[in-house]
Amino acid sequence: MSVERSLRYGESRPRTGDEIRKAFLSFFSERGHQVLPSASLVPEDPTVLLTIAGMLPFKPVFLGQAERPAARATTSQKCIRTNDIDNVGVTARHHTFFEMLGNFSFGDYFKKEAIQWAWELSTKVFELNSKNLVVSIFREDDEAEKIWREDIGVNPDRIIRMDETDNFWSSGPTGPCGPCSELYYDFKPELGTLEIDLDDDSRFIEFYNLVFMEYNRDAKGNLTKLNNCNIDTGMGLERMAQILQGAPNNYETDLIFPLIEKAAALAGVQYANADQKLQISLKVIGDHSRAVTQLISDGVIASNLGRGYILRRLLRRVVRHGRLIGIDQPFLHEMGEAAIQLMQIPFPQLLERKEVILNELKREEARFLETLERGEKLLIDVLASKPKQITGQQAFELYDTFGFPVELTQEIAQDNGIGIDLVGFEQAMEAQRQRAKAANISIDLTLKGSIEETTSQLEETIFVGYESLNNRANVQALLVNGERRNEANQGDDVEVMLDTTTFYGEGGGQIGDRGVLLADVVDPNGMNVVVNSVSRHNNVFVHSGCIKKGSLRVGDQVDTCVDTISRRRIQANHTSTHLLQAALKQIIDPSISQAGSLVDFDRLRFDFNSSRAITLGELVQVEDLINRWINESHGLKVKNMQIDEAKANGAVAMFGEKYSEIVRVVDVPGVSMELCGGTHVSNTSEISIFKIVAESSIASGVRRIEAVAGPAAFDYLNERDEVVKKLADQFKIQPSEIFERVLQLQEEVKLTNKALTVANEELALSKVMSSLSEVKAVANSQLIVKRLDSINGTALQTAAQRLLGQLGENSAVVFGGVPDLDNQDKVIFVAAFGNQLISSHQLNAGKFIGSIAKMCGGGGGGRPNLAQAGGRDSKSLDLALQEAESKLLKLLS
């Protein structure tokens with residue numbers, strides 16, 4: 001059946017996943033719903049890591065926090081859930097990635113229309129037999145029951161009343177809520193309607209959920225009717241595909257099964273002939289391949305935190321299950337290729353992001369395989385001892401050292417019939433978190449709360465700073481030391497909110513302007529507020545600073561005066577950031593996309609997706625191209641336009657950023673066109689010069705370039721020039737000769753250090769040889785324990801080995817000392833044991849010397865025949881050496 005054919009009402013029913021999706025959206029489009037694209041898997045809602053439901057993008061609308069996009073809407077929303085990840089591949093319907101088809105009403109139609117259309121769609125478009133359909137309703141929803149029974153004609157025996165836990169939706173303890181009604185498909189209608197159990201997964205599958213949002217719940221639990229009722233529905237695409245395609249489970253539909261077949265081909269097996277365990281692994285690979293491809297496409301990068309950890313966990317589960325079924329070479333990129341091919345029609349951005357997706361899959365798989373084998377060996381050793389459970393510390397070591405997600409360790413343990421100490425693992429994780437808090441940053445939540453509360457009560461600030469740097473404005477509100485006041489006086493730290501401003505508020509990577517607020521721009525002796533930073537809260541610009549003179553009251557008028565020099569510097573840096581992105585796309589890779597930025601007064605920082613480091617030669621090319629564009633004096637064109645028009649004209653948007661319908665486009669004709677709300681030069685010649693300062697990696701697959709431009713670049717170059725002049729003067733050479741002179745000095749230092757090492761070793765050997773008379777004979781062995789100061793660890797090891805060579809393989813040599821007598825906080829121990837001594841007495845130099853070093857507040861170890869340890873307490877050194885000699889005498893005798 002062709003996916004391309006029209007699927008309007010009246011034609012034969014859709015069957016493929018693409019046809020089902022298209023039929024659903026077309027059905028509601030014809031009934032006045034605006035078809036909206038799927039939102040990103042990375043949601044705007046900060047309370048959730050990933051988009052877990054079809055209604056999530058509309059949550060602010062339902063809560064009254066955002067304007068409705070339309071009175072009626074319909075979507076096919078991509079979702080990710082991992083709370084039931086252990087059931088993936090085991091049950092017929094659990095997935096990590098799935099699509100939720102939905103129709104929504106924002107204060108428009110309500111219960112009757114939602115029910116009628118749900119039935120019409122199910123029985124007329126999808127042609128489901130009414131005898132196979134069962135309806136559930138909330139136990140108290142008589143209105144819904146009446147519509148289903150009287151208007152639709154559903155058999156009352158097939159209308160099941162359910163409790164609140166199953167059929168009542170709420171956004172939280174308080175807020176909008178309402179009853180639900182669900183449509184179930186009955187695979188065995190011949191069993192009749194007596195004692196219907198909708199929890200029987202072998203007979204019933206829920207495929208359509210209708211939420212009737214008609215109440216508001218207050219803090220006491222009381223329900224009041226909403227003035228405008230809403231509809232939120234969800235139909236699982238994979239579930240409807242199972243029903244219409246007659247598949248035994250969701251996995252064996254055209255939405256997933258091609259990926260299962262791909263995995264089976266890579267493993268050289270056939271799904272149909274596989275046992276249950278093998279089929280589960282194939283299903284996991286098929287399911288997770290869709291999920292990881294979509295996550296990477298939406299900008300998620302594998303890491304050990306947040307959504308990055310979810311991606312890494314899914315990726316590593318795919319690799320592990322691949323190894324379980326016999327795939328012994330890297331294969332994630334092949335599964336990614338297959339997933340992109342399978343999903344490219346509904347999600348064309350997968351093709352646009354193909355290179356990024358495949359590179360991330362290759363990189364993460366290679367990183368995991370590096371440690372997987374060692375981790376598996378450790379786990380095998382642990383399991384071989386047949387413990388009752390894997391300890392928390394062992395699980396933590398696997399996670400921290402070998403990159404094993406604890407859930408993966410748990411799976412393997414369960415496969416072997418043992419448990420895992422998750423409490424101990426969490427304790428080890430918490431200890432690690434505490435160690436990582438050295439760079440702790442405190443945040444004044446009281447102040448932030450005051451600002452949020454105040455700005456929520458004000459009108460949005462009108463920004464006029466594109467056109468002018470000076471403007472008259474009215475004081476709307478004041479905060480003094482975090483408290484709302486009507487007046488502030490000289491010396492007070494203040495946050496000032498104005499009705500209009502010329503100050504740019506921090507946003508889009510650009511920091512806020514600096515400057516002053518004056519009572520009167522022509523009166524230098526009047527009120528004066530020095531503005532150090534400007535931020536935005538609820539679209540209100542908050543000017544933070546200090547009153548240097550006079551007093552300020554709510555209702556006063558002030559002149560907003562942006563510091564001209566600072567604005568020019570930041571304009572040069574911001575336009576340079578645009579030129580940098582354009583140059584990277586032209587010279588390095590057209591698919592490069594921005595992953596973050598910082599535009600400051602004295603520097604700029606640009607983060608971008610790249611699977612490799614940028615070479616020095618490429619950085620030179622990028623820098624030269626940008627400076628060429630600067631010298632070509634390109635005039636910038638800035639205008640507002642519809643976002644679709646801007647994208648059609650080639651404007652670059654930051655991936656994952658949310659934009660309004662009208663966007664500001666900054667165009668450097670023939671060079672760069674971006675959606676941007678920042679401040680810029682009017683001509684590239686105003687930048688003067690651009691200089692790259694550094695290039696580095698900040699995360700897996702993310703690079704960072706730091707640079708300076710305009711006046712900041714001249715400051716940077718002048719500073720470098722001053723250093724060059726001082727070096728040339730110090731060496732009495734020309735600046736061009738500095739590099740060769742440094743190489744020469746490095747060679748001289750290397751030779752000197754080598755000579756010092758030799759001298760140190762000879763000194764140590766001389767001291768050792770003078771101590772041969774101190775060697776003690778014990779039974780058939782020889783032993784010497786001695787303190788040797790002013791000798792480094794390397795020389796001490798060499799001396800110990802030389803002496804052991806003279807004494808024989810049945811001997812032990814232990815030295816300890818303070819390598820630098822001016823630093824009594826460092827102690828060194830060395831132990832050298834002969835092979836015969838090790839064999840006959842089961843001695844280990846590493847373990848032995850490590851225990852001795854503890855007496856000096858240290859530790860260490862090494863090989864059984866040679867080891868070095870250290871300590872911090874030189875006062876205990878002699879006592880420690882006495883203990884070492886006593887232990888050895890006892891062991892050897």
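This one's a predicted model, so the numbers in the text were calculated from it and none came from an experiment.

**Q** So what's going on with the overall build of the protein chain? Residues and values would help.
**A** Helix and strand content of the protein chain: 25 helices and 35 strands. Dimensions along the principal axes, computed over C-alpha positions, put the protein chain at roughly 110 × 85 × 55 Å. Carbon together with sulfur atoms contributes 47% to the accessible area of the protein chain, which is approximately 42,300 Å² in total. Counting 96 positive and 122 negative side-chain charges, the protein chain places the averaged centre of each group 3 Å from the other.

**Q** Summarise the sheet that holds strand S29 (residues 702-709); cite the residues concerned and give the values.
**A** Two pairing modes exist for strands in a sheet, parallel and antiparallel, and in both the strands are linked by backbone hydrogen bonds. With respect to topology, 4 strands assemble into an open sheet ordered S23-S24-S29-S28, the strand pairing being antiparallel. Whereas interior strands pair on both sides, the edge strands pair on one side only; in this sheet they are strand S23 (594-599) and strand S28 (690-699). Pairs of neighbouring strands in the sheet enclose a mean axial angle of 15°, with direction left out of account. Sheet strands touched by helix H17 (residues 564-587): S23, strand S24 (604-609), S28 and S29. Its angle to S24, the strand with the most contacts, is close to 25°. Its contacts with the sheet put helix H20 (residues 711-731) on S28 and S29, and the angle it makes with S29 is roughly 90°.

**Q** Explain the packing of aromatic side chains to me, using residue names and the numbers behind them.
**A** For any pair of aromatic rings, geometry is given as the distance between the ring centres together with the angle between the planes. Enumeration over the complete set of coordinates arrives at 19 aromatic pairs. Judged by centre distance (6.4 Å) and plane angle (80°), the rings of Phe28 and Trp117 are edge-to-face. Of this pair, Phe28 sits in helix H1 (residues 17-29) while Trp117 sits in helix H3 (residues 111-125); the two residues are 89 residues apart in sequence, bridging distant segments of the chain. With respect to class, Phe28 is no different from Trp117; both count as buried. Three or more aromatic residues joined by ring pairs form one cluster here, namely Phe24, Phe27, Phe28, Tyr109, Trp117 and Tyr208. Sitting above the plane of the Tyr466 ring, Arg664 keeps its charged end 3.6 Å from the centroid.

**Q** Describe the pattern of salt bridges, and please don't skip the residues or the numbers.
**A** Scanning the entire structure with this criterion turns up 43 salt bridges. A salt bridge links Arg367 to Glu364, with the nearest nitrogen and oxygen atoms 2.8 Å apart. One end of the pair, Arg367, and the other, Glu364, are both in helix H12 (residues 354-384), 3 residues apart, so they sit about a helical turn from each other. Judged by its relative accessible area of 1%, Glu364 is buried. One salt bridge connects Arg612 with Glu618, and the closest N-O pair in it is separated by 2.9 Å. For Glu618, a relative accessible area of 14% puts it in the buried group.

**Q** Before we move on, could you go through the confidence of the model for the protein chain and cite the residues and values that matter?
**A** Low-pLDDT portions of the prediction should not be read for the details of their coordinates. Chain-level pLDDT for the protein chain is 88 on average; 95% of the residues reach the 70-or-more range. Predicted confidence is poor over residues 1-11, with pLDDT under 50, and the contacts of this stretch with residues over four places away or in other chains come to 27 contacts.

**Q** Mind laying out unusual backbone geometry, listing which residues take part and the relevant values?
**A** Leaving glycine aside, a negative phi is the common case for residues, and trans is the common case for peptide bonds. Unusually for a residue other than glycine, Asn481 sits at a positive phi of about 50°. Along the chain, the position of Asn481 falls in the loop between strand S13 (470-480) and strand S14 (483-485). The phi angle at Asn539 is positive, at roughly 65°, despite the residue not being glycine. Tracing the sequence through the fold places Asn539 in the loop between strand S19 (528-537) and strand S20 (540-549).

**Q** Explain the environment of Asn227 residue by residue, including any values.
**A** Its place among the elements puts Asn227 in strand S9 (residues 223-236). Separated by 401 residues in sequence, Asn227 and Arg628 have C-alpha atoms that sit 62 Å apart.

**Q** Give me the lowdown on the sheet that holds strand S34 (residues 859-862), citing residues and values where you can.
**A** Across the sheet, which stays open at both edges, the 6 strands sit in the order S30-S31-S32-S33-S35-S34 with mixed pairing between neighbours. The open sheet has two edge strands with one neighbour each: strand S30 (776-778) and S34. Across the sheet, the axes of successive neighbouring strands diverge by a mean angle of 15°, strand direction being ignored. In the packing of helix H25 (residues 877-892) onto the sheet, the strands contacted are S30, strand S31 (781-787), strand S32 (811-817) and strand S33 (827-833), and the crossing angle to S31 comes to about 175°.

**Q** Quick one: what's the story with the nonpolar core, residue by residue and with numbers?
**A** In terms of nonpolar packing, the biggest core is built from 111 residues, with Phe126, Trp148, Phe207 and Tyr208 touching the most fellow members. The leading source of residues in this core is H12, at 9 residues. Beyond its immediate stretch of four places on either side in the chain, Tyr208 contacts Phe24, Phe28, Asn103, Ala118, Leu121, Ser122, Ser181, Glu182, Leu183, Thr233, Gly234 and Met235. Residues Ala583, Leu584, Phe690 and Ile705 belong to the second largest nonpolar core, which totals 30 residues.

Criteria and thresholds
- Throughout this document, residue positions are counted from 1 along each chain, in the order its sequence is written.
- A pLDDT threshold of at least 70 governs which residues receive local features in this predicted model, and a stricter bar of 80 or more applies before side-chain atom pairs are shown or counted, although totals over entire chains, interfaces and linings include all residues.
- In computing side-chain values, all of the structure's heavy atoms are included and hydrogens and water are not.
- Here a strand is any run of E in DSSP of at least two residues, a helix any run of H or I of at least four, and the numbering for each starts at the N terminus.
- Throughout, the Shrake-Rupley method with a 1.4 Å probe supplies accessible areas, and for residues the shown protein chains are the sole cover considered.
- Charge counting treats Lys and Arg as positive and Asp and Glu as negative, with His and both chain ends excluded.
- By convention, charge coordinates are those of NZ in Lys, CZ in Arg, CG in Asp, or CD in Glu.
- Pairing between two strands requires that DSSP report at least two bridges joining them.
- For helices, the fitted line uses only the C-alpha atoms of the stretch in contact; every axis is such a line through C-alpha atoms, and the angle between N-to-C directions lies from 0 to 180 degrees.
- Any two residues whose heavy atoms approach within 4.5 Å at even a single point are treated as in contact.
- Centres within 6.5 Å make a pair out of two Phe, Tyr or Trp rings, where for Trp the six-membered ring is used; the pair is then stacked when the planes are under 30 degrees apart, edge-to-face when over 60, and tilted otherwise.
- Only protein chains enter the calculation, and the probe is 1.4 Å; a residue is then buried if its accessible area is under 20% of its type maximum, exposed if over 50%, and partly exposed in between.
- Charge-over-ring contacts are defined here by two conditions on Lys NZ or Arg CZ: a distance within 6 Å of the ring centre and an angle within 35 degrees of the ring normal.
- The working definition used for a salt bridge is a side-chain nitrogen of Lys or Arg within 4 Å of a carboxyl oxygen of Asp or Glu.
- pLDDT is defined as a per-residue confidence score from the predictor, taking values between 0 and 100.
- To qualify as a nonpolar core, a set must consist of buried Ala, Val, Leu, Ile, Met, Phe, Trp, Tyr and Cys residues joined through side-chain atoms within 4.5 Å.

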